[in-house]
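Here's the letter readout for the chains.
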Amino acid sequence: MITVNHLIHKYNENTILNDVSFSQDKGTVTAIIGPSGSGKTTLIKLLCGFIRPTVGQILVNGIDLNKIDLKSYHQQLATVFQKTDFL
């Protein structure tokens, strides 16, 4: 289960996500849709632990993402971004 509590993320002074909260149960599928610049990629990067939120908390199975071993966590993820560079 993933739980997001009052997530805020800013790049410099620009607020990208403002007070986002939701829960995602294990085994469910959710689509994240919205116009360009609405924060979809930023949200995914936060959920993957690639960047840290400005304010708020992300819990994975009840454990704060800041306290999870990210190497082990990343081994359980499969993320493909729209714009990728292959070496």
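Use the structure listed above.
Residues numbered from 1 in each chain as written. Predicted model: local features only at pLDDT ≥ 70, side-chain atom pairs only at ≥ 80, totals over all residues. Heavy atoms only, no water.

Caption draft 1: Broad picture of the environment of I33. Secondary-structure assignment places I33 in the loop between β2 (14–24) and α1 (40–48). Its relative accessible area of 76% is what places I33 among the exposed residues. Residues I33 and Y11 lie 22 residues apart in sequence; the distance between their C-alpha atoms is 21 Å. (Helix = DSSP H or I, 4+ residues; strand = E, 2+ residues; numbered from the N terminus. Buried < 20%, exposed > 50% of the residue type's maximum accessible area, 1.4 Å probe, protein only.)

Caption draft 2: Local environment of the pairing of β2. For strand β1 (residues 2–11) and β2, the ladder comprises 7 bridges, and the chain directions are antiparallel. Of the residues in β2, the one forming a bridge with Y11 is N14. Hairpin connection from β1 to β2: 2 residues lie between these consecutive antiparallel strands, with N12 at a positive phi of about 55°. (Pairing = 2+ DSSP bridges.)

Caption draft 3: Geometry of the side chain of T42. Of note, T42 is situated in helix α1. Not counting residues within four places of it along the chain, the set of residues in contact with T42 comprises H9, Y11, I16, L17 and I51. (Contact = heavy atoms within 4.5 Å.)

Caption draft 4: Representation of unusual backbone geometry in the model. Of note, H6 is a non-glycine position whose phi angle comes to about 50°, a positive value. As for its placement among the helices and strands, H6 is situated in strand β1. At N12, a position not held by glycine, the phi torsion is positive, near 55°. What makes N12 exposed here is its relative accessible area of 74%.

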